[in-house]
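Fold and geometry: a report
Okay, here's what each chain looks like letter by letter:
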Amino acid sequence: MDYLLLCQQVLNGMQLGVMLFLMASGLTLVFGIMDLINLAHGSLFMVGAYLCATVYQMTGSFGIGLMAALPGTALVGILIETVALRKLYARSHLDQVLATYGLILFLNELTKILWGPRALFLDVPGVLSGTVEIIPGMPYPAFRLAIIIVGIIVAIGLYFLIARTRIGMLIRASATNREIVGALGVNVKLLYTLVFGLGALLAGLAGAMAGPLLAVEVGMGEDILILTFVVIVIGGIGSIRGALVGSILVGVIDTLGRAFMPTIFKLFMNPAAADGIGASLSSMSIYIFMAIILAWKPKGLLPAHA
């Protein structure tokens, strides 16, 4: 196995992990604090990608597209929370699943109406179109490296927001006992709206940065949503630390499995069979890993409330 190729795939796994973290951090906050299962979180990823792509194509600047996508997705999230989801807090999780699944269908069809059924394809921003030689002899795409750096900055920012600020204290208190927080005079509805808007903004950031790497198309958030739920289960529901650790683990395991498992099987079986079995097992690897983690620690690696 080529050492430089292994390092490159580990970095690719970290880049995927960062994308998953941006999704998982917002979703785990919503579920851990508001006790709301939001299947439409992936649709906010899609909204962020479309908003960024549209402004990017109009202005020729990815930075302007990104700056438009963040508040735009946050506003869409706040609108969804205010109009549709606020009525679901006291309902069962089954009702929440059914309602948010309906939101997925609604947002997919609305996206088709606004942007059409065709996918949008974006170029990597010119300033980040080159490579960076992190390790001698191993050039790595600057845009992917920028995604990793942005994810690290967001993780640090979330830590300070949750652990070091007054609103973070209220968020942690609401996750423990929302009734007591409300009795102390805190506007819990407004707090929930802000938390949901923050989760939507993070999903929009992930979608905007994924635009130059993926096709921006209807339903693009549904595949990443599945991986996001896996991350949350592995890391621990309601835990930002758990979301970070789980995201990196899932990203690296998934990437390394897809990159090397077929090659490993080719060592002792014919190439056609190795490709088929290797591809199948690599797709299963993160779910096998999740099952192992749950058998060992049923609440996840770093649950918010042990």
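Scroll up to find the structure this text is about.
Right, let's walk through the structure included here. (Residues numbered from 1 in each chain as written. Predicted model: local features only at pLDDT ≥ 70, side-chain atom pairs only at ≥ 80, totals over all residues. Heavy atoms only, no water.)

**What about the pairing of strand 2 (residues 138–141)?**
Residues Met138 and Tyr140 point to one face of strand 2 and are all buried, whereas Pro139 and Pro141, pointing to the other face, are not buried. Sheet analysis places strand 1 (residues 131–135) next to strand 2, joined by four bridges and oriented antiparallel. Bridging across to strand 2, Val132 finds its partner in Tyr140. Connecting strand 1 to the antiparallel partner strand 2 that follows it, the hairpin turn spans two residues, and Gly137 within it adopts a positive phi of roughly 85 degrees. (Buried < 20%, exposed > 50% of the residue type's maximum accessible area, 1.4 Å probe, protein only. Helix = DSSP H or I, 4+ residues; strand = E, 2+ residues; numbered from the N terminus. Pairing = 2+ DSSP bridges.)

**Re the nonpolar core**
Residues Phe21, Leu22, Met34, Leu36, Phe45, Val216 and Ile234 are the most contacted members of the largest nonpolar core, which totals 76 residues. Among the elements that line this core, the one with the most residues is helix 8 (residues 188–210), at 13 residues. When residues no more than four places from it in sequence are discounted, the contact partners of Leu22 are Val154, Leu202, Ala203, Leu205, Ala206 and Met209. Formed by six residues, the second largest nonpolar core is a distinct cluster that contains Met138, Tyr140, Leu145 and Ile148. (Core = buried A, V, L, I, M, F, W, Y, C linked by side-chain atoms within 4.5 Å. Contact = heavy atoms within 4.5 Å.)

**Focus on the side chain of Thr193**
Structurally, the position occupied by Thr193 is in helix 8. According to the relative accessible area criterion, Thr193 is buried, its value standing at 8%. If sequence neighbours within four positions are ignored, Thr193 has contacts with Ile78, Glu81, Thr82 and Arg86.

In short, the description is geometric, and any link to function would need to be established separately.
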